[in-house]
Amino acid sequence: MQVTLRVNGKLSEVPPSFIGRRLLDYLRAELGLTGVKEGCGEGDCGACTVLVEGQPMCSCLLLTGVLDGREITTIEGLPETFLAQFSAACAEYGAVQCGYCTPGIAVMAAWLQAGGSEVSAQPITKLLEGNLCRCTGYQQIIEALSALQ
Amino acid sequence: MTGEQPATSSPAPAAAGVPDRARGLARYTADLIPPGTVLVGLARSPYAHARVSSIDIQAALKIPGVLAALTPADFDDIALGHQGADEPVLTRVARYVGDGIVAVAASDQDALLRGIEALHIDYEILPHACSVDDALALDQPLHPAFLDNVARRFSAERGDWEAAQKRVSTWVEGTFQTQAVPHAYLEPRATLVRVYDDRLELVTGTHFPSVLAETYGEIVAGWGARLEVVTPDIGGSFGAKWEHPTHLVCLAFAHRLRRDVAMVLPRRDDMISGRTRVAMRIQMRIGATDDGELIAKETMIWADNGAYTGHGPSVTLAAAIRMDNLYRFSALNAQAQLIYTNNVPSECFRGFGSPQSAFAQEQLIDELAEQLRIDPIELRRRNAVQPGDTTLHGWQVGSCGFNDCLDAIKDRIQTHRRENPMATSDRYRFGYGIAGATHAISNRGYDHRFDRDMMSLAVEPNGVLRIESGEVEIGCGTVDLFAGIVADHLELDRERIRLVLGDTATVPHGLGCFASRTAFFGGRAALDASRRFAQLCGRLAIDIGLPADTAIASVIEAAVTANRTMELRVTGSYEPDHVTVPDESGYGNISPAYTYATHGCCVRVDTATGLTTVVCYWAAHDTGQVLNPQRARGQVVGGVVQGLGFALAETTLVDDRGHMQNPGYLDDRVATFADAVPIECIFTPTFEKEGPRGAKTIAEPPIIPVAACVANAIYDATGARQWRLPMTPEWVWRSLCAKGVLAPDRTAD
């Protein structure tokens, strides 16, 4: 079985030892993309969120074997222009404390900015319900994300 | 014996500021584990209380990839616990479900899991107790030295109780139950141990690297090795990440195998063996005169230590006495006991014991106000502690803006009431609540030797100014605060400053990030170091032939050119001189300054379901001068939301066999984006002359009054007092039934 992903724009063939393992493990351990965080491993916290074909998903819930040919984007693969904006907004609004949840939220913010009908129909608080933050109380993240929209 | 590892240390990681964190560039412990590192896992007890009768590791050791196993016998002489030293690294007697029995090291995850499965451990099950009442009634001790299962007793009696009692005309009283709550930080506990020729390097997120280096250093010295602690970026802690058995398991494997080892706890393991807030039953009564003078307060506390003693003693003592310091009582009597149970070990958690005791005290103050027909804010105002007071517990009050906080909340509630006439119906009731709080900055009783901070400033050969501190960035903004103070004082570009925090091999001593002390102590050390650095630059300038008042940046530039950066190194420090080590009853001026707060809120209670919705929340804080308004606001909002979780939703559920029923975010009910409520943060500034630039601190105070504030609002809305946390729909509904608030067809039973 051969599985090839396009991760952050680059084709990468998943070695046999990582087929059948979680996308999260492959990204972190094999590709060194440690911006993708593991908080719970159960899809509760959203710290490991990546874009799969442009849609946000928890990489702890996906097995590499079912992703052949898919386009994966981690925080490392988000456009520099976006990261500069996001980072500035986080600093301005105080949206980061410990920062462990932030990469997942950055990926969600990129998805929000890309728009689409699903995004425009719902409030940020609903769309980001799957991303937990224990530090900030959310208010300042909401302010930063609203400023980015 | 020389290992395969490089003989020199990797450069200390620079602590990440907000922009880097936002880009995902912060490096937490798990991010630093290289491929090929030996992985460690634990076989945990499935029983709440059991003696391990036999252990067989032979089958596990035969599994390919399994490298070694450690058993309790490997740690017989070691017990952990800064305040109790009663926790084995691996135990012969399991005292909670999840207690570690055998540790396995393997070259990969699959081998590790198979190795743990192949262990044979036999248990002799013992009677267990998962509540303080059961533990007190248990006919056998959980720890041999504590026959009645009471780990610690505290007693604090102040003032003339007999005389005071005679002046009381009205008593109010109640018994309140608070719950255990997991800290639920996003970064699970992770440990990496690197092996170098002459030493072990422990990499882990912790509040106090210097204390870990000291505690584990002695143990590791017994193995003939040396220890340094490196603190990478920390993904939250809130009072949880101190000593932990997993650290020593990893150190022991690394020492034995001469290889780097790592352990990252799965979330479930983190929750069942992590730590929780100390659950307490608090029986309290407060007496006042008819005209509203608070006279006497009596407190009895039964606190659940869990299986082992973390910082439970300090937390329990704090719960027994700290909130007393908010008012001018004439006499106080507090008795507390900390009781061993077969629950997960408890720990300090943001606010220490004060969120628990505030839940009781601030509801009773409201109860008194109602009985005396005095406005609850007015009653607090009349009795509020004032600048210059020495409280009955020996706190010397410097700056104190409690009255200003009360006024600010009064104003917000009045305005809100006027502008938002509430559509109260039979089913939906609206109400307002308030609660006050006070908190110390650091705790002189924590380490009897000293309470101080140091900071070094050194110029690197390329002209970058390196800040070295024993304090750590736990998410509160320490990196930006330290860099900001130094950059500001020396008029340097922030980009030319690098921070190394909590690397015990290189940084000067710092006691650690706890008790809301870092901004205050570290901030003062930063100012002292900056002043010394400026003087040094003045002298070097003259030596190089520049005017003595040359800008610091230019002196640094000249030092780089002249290859004299080595000379630009200073260490500053701060140690307050007017604090005292408290006695056993907690009497003493434990902190160089004290903070004050008042919160207010508006809630809607659905009497059909008991569901409480926070409509609006106001948090007023006296934290002295505010150094960074955005970060300070972040601490307030974050603390309030954590407090709302404690108040309304979160709890650790344990079944009758001692198994935790909800070891995960979803079932613990951690607040989500959808739970975000509008919170207005109000700073009522004072000037604290002891603080850095007049500042006090803000990390813990915001969580303290929250549960009490919401409880008072529920009472205002419904007339039903709240005796237990969390105030879930079920329990609020039960309280409404007991009070007869519900229509007869909706009442319980």
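Residues numbered from 1 in each chain as written. Chains lettered and ligands numbered in written order. Predicted model: local features only at pLDDT ≥ 70, side-chain atom pairs only at ≥ 80, totals over all residues.

1. Observations concerning the sheet that holds strand β27 (residues 679-683) of chain B
Residue and element names in this part refer to chain B. For clarity, the threshold we go by: Strand pairing follows a simple DSSP-based rule, namely that at least 2 bridges must link the two strands. The secondary structure listing takes helices from DSSP runs of H or I that are at least 4 residues long and strands from runs of E that are at least 2 residues long, numbered from the N terminus. Note on definitions: angles span 0 to 180 degrees between N-to-C directions of axes, and those axes are lines fitted to C-alpha atoms, for helices only across the stretch in contact.
An order of β20-β25-β26-β27 is seen for the 4 strands of this open sheet, with the pairing classed as mixed. The two strands at the open ends of the sheet, each matched to only one other strand, are β20 (428-440) and β27. Averaged over all neighbouring strand pairs, the angle between strand axes comes to 15 degrees, with direction disregarded. Relative to β27, strand β26 (residues 612-622) runs parallel, the two being bridged by 5 bridges. Bridge assignment links alanine 620 to a residue of β27, and that residue is isoleucine 682.

2. Brief notes about the interface of chain B and chain A
Note the following rule: We call two residues in contact whenever the C-beta atoms placed from their backbones are within 7 Å. Following the grouping adopted for this structure description, the nonpolar residues are Ala, Val, Leu, Ile, Met, Phe, Trp, Tyr, Cys and Pro, the charged ones are Asp, Glu, Lys and Arg, and the polar ones are all others, Gly among them.
Each partner contributes to the interface: chain B provides 41 residues, whereas chain A provides 41 residues. When contributions to the side of chain B that touches chain A are tallied by element, the ones reaching two or more residues are α1 (18-22), α16 (629-648) and α17 (665-668) of chain B. Ranked by the residues each element gives to the side of chain B that touches chain A, the list is headed by α16 of chain B, at 8 residues. Residue composition of the side of chain B that touches chain A, grouped by class: 24 nonpolar, 9 polar and 8 charged.

3. Remarks on the environment of glycine 205 of chain B
Residue and element names in this part refer to chain B. Counting through the fold element by element, glycine 205 comes out in the loop between β12 (199-204) and α6 (209-222). Residues glycine 205 and glycine 235, 30 residues apart in the sequence, show an inter-C-alpha distance of 7.7 Å. Other than its neighbours up to four places away in sequence, glycine 205 contacts Tyr28, Thr29, Glu187, Thr231, Pro232, Ile234, Gly235, Ser237 and Lys241.

4. A look at the packing of helix α13 (residues 478-490) of chain B against helix α14 (residues 518-544) of chain B
All names here are of chain B. Formally: Roughly parallel covers angles under 35 degrees, roughly antiparallel covers those over 145, roughly perpendicular covers 65 to 115, and oblique covers all other angles. For any pair of crossing helices, the crossing counts as left-handed if the nearer helix is rotated counterclockwise from the farther one by less than a right angle, and right-handed if it is rotated clockwise.
Packing of α13 against α14 brings their axes to within 9 Å, and their N-to-C directions diverge by 30 degrees. When the axis of α13 is compared with that of α14, the two are roughly parallel. Here the hand of the crossing between α13 and α14 comes out right-handed. Along the contact surface, α13 presents Thr478, Leu481, Phe482, Ile485, Val486, His489 and Leu490, while α14 presents Thr518, Ala519, Gly522, Gly523, Ala526, Leu527, Ser530, Phe533 and Ala534.

5. Details of the environment of threonine 102 of chain A
Looking at the element boundaries, threonine 102 of chain A is found in helix α3 (residues 102-114). C-alpha of threonine 102 of chain A to C-alpha of glycine 35 of chain A: the two residues are 67 residues apart in sequence and 9.2 Å apart in space.

6. Here's the deal with the nonpolar core
Basically, it comes down to this: Throughout this description, the term nonpolar core refers to a group of buried Ala, Val, Leu, Ile, Met, Phe, Trp, Tyr and Cys residues whose C-beta atoms join them within 7 Å. Each residue is classified by how many other C-beta atoms fall within 10 Å of its C-beta atom, where C-beta atoms are placed from the backbone; a count of 20 or more means buried, 12 or fewer means exposed, and values in between mean partly exposed.
The biggest cluster of nonpolar side chains holds 304 residues, and the ones touching the most others in it are Val40, Phe253, Val710 and Ile714 of chain B. Among residues more than four places away in sequence, those in contact with valine 40 of chain B are Ala103, Ala105, Val249, Cys250, Phe253, Val261, Ala262 and Met263 of chain B.

7. Observations regarding the domain arrangement of chain B
All names here are of chain B. Threshold: Domain start and stop points were drawn from an automatic or database domain assignment.
When cut into domains, chain B gives domain 1 (18-126 + 187-235 + 241-273), domain 2 (276-384 + 397-442 + 583-743) and domain 3 (453-574). Taken over C-alpha atoms, the centre of domain 1 sits 36 Å from the centre of domain 2. Facing 19 residues of domain 1, the contacting portion of domain 2 comprises 18 residues.

8. A few points about unusual backbone geometry
All names here are of chain B. Across the junction of leucine 725 and proline 726, the peptide omega takes the value -10 degrees, indicating a cis bond. Following the sequence through the fold, proline 726 ends up in the loop between α18 (706-718) and α19 (729-739). At arginine 373, a position not held by glycine, the phi torsion is positive, near 55 degrees. Among the secondary structure elements, arginine 373 is positioned in the loop between α10 (354-372) and α11 (376-383). Phi angles above zero are rare outside glycine, and glutamate 491 is one such case at about 50 degrees. Turning to its location among the elements, glutamate 491 is positioned in the loop between α13 and β23 (497-501). Overall, the presence of 10 C-beta atoms within 10 Å leaves glutamate 491 in the exposed class.

9. Concerning the domain arrangement of chain A
Residues and elements named next belong to chain A. Along its sequence, chain A is organised into domain 1 (4-77) and domain 2 (80-148). Centre-to-centre, using C-alpha coordinates, domain 1 lies 20 Å away from domain 2. In this complex, domain 1 contributes 15 residues to the contact, which on the side of domain 2 involves 12 residues. Here the side of domain 1 that touches domain 2 gets 3 residues from one element, more than from any other, and that element is strand β3 (residues 49-52). Looking at the side of domain 1 that touches domain 2 residue by residue, the classes come out as 8 nonpolar, 5 polar and 2 charged.

10. A closer look at the sheet that holds strand β11 (residues 190-195) of chain B
Residue and element names in this part refer to chain B. Taken together, 7 strands build an open sheet; the order of strands is β3-β7-β1-β14-β11-β12-β13 and the sheet is mixed. Two strands lie at the open edges of the sheet, namely β3 (66-70) and β13 (226-230), each paired on one side alone. The average undirected angle you get between the axes of adjacent strands in this sheet is 25 degrees. Contacts from α6 reach β12 and β13, with the element oriented near 160 degrees to β13.

11. Regarding helix α2 (residues 80-93) of chain A
Rules: Expected helix span is computed as 1.5 Å times (number of residues minus one). As used here, the arc is the angular range of directions from the helix axis to the C-beta atoms.
For α2 of chain A, built from 14 residues, the straight-helix expectation of 20 Å at 1.5 Å per residue is met to within 8% by its first-to-last C-alpha distance of 20 Å. Leu83, Phe86, Ser87, Ala89, Cys90 and Tyr93 of chain A are the residues of α2 of chain A that are buried. Down the axis, α2 of chain A shows its buried residues gathered within 160 degrees of arc, on one side only. When the buried face of α2 of chain A is taken as reference, the exposed residues oriented beyond 90 degrees from it are Glu80 and Thr81 of chain A. Buried residues in α2 of chain A make contact with α3 and α6 (139-148) of chain A together with α1 of chain B. Downstream of α2 of chain A by a residue or two, glycine 94 of chain A has a phi angle that is positive, lying close to 70 degrees.

12. Observations concerning helix α15 (residues 552-561) of chain B
Residue and element names in this part refer to chain B. Of all the positions in α15, only Ile552, Val555, Ile556 and Ala559 are classed as buried. Down the axis of α15, the sector holding all buried residues measures 100 degrees, keeping them to one side. At the C-terminal side of α15, asparagine 563 shows a positive phi close to 55 degrees.

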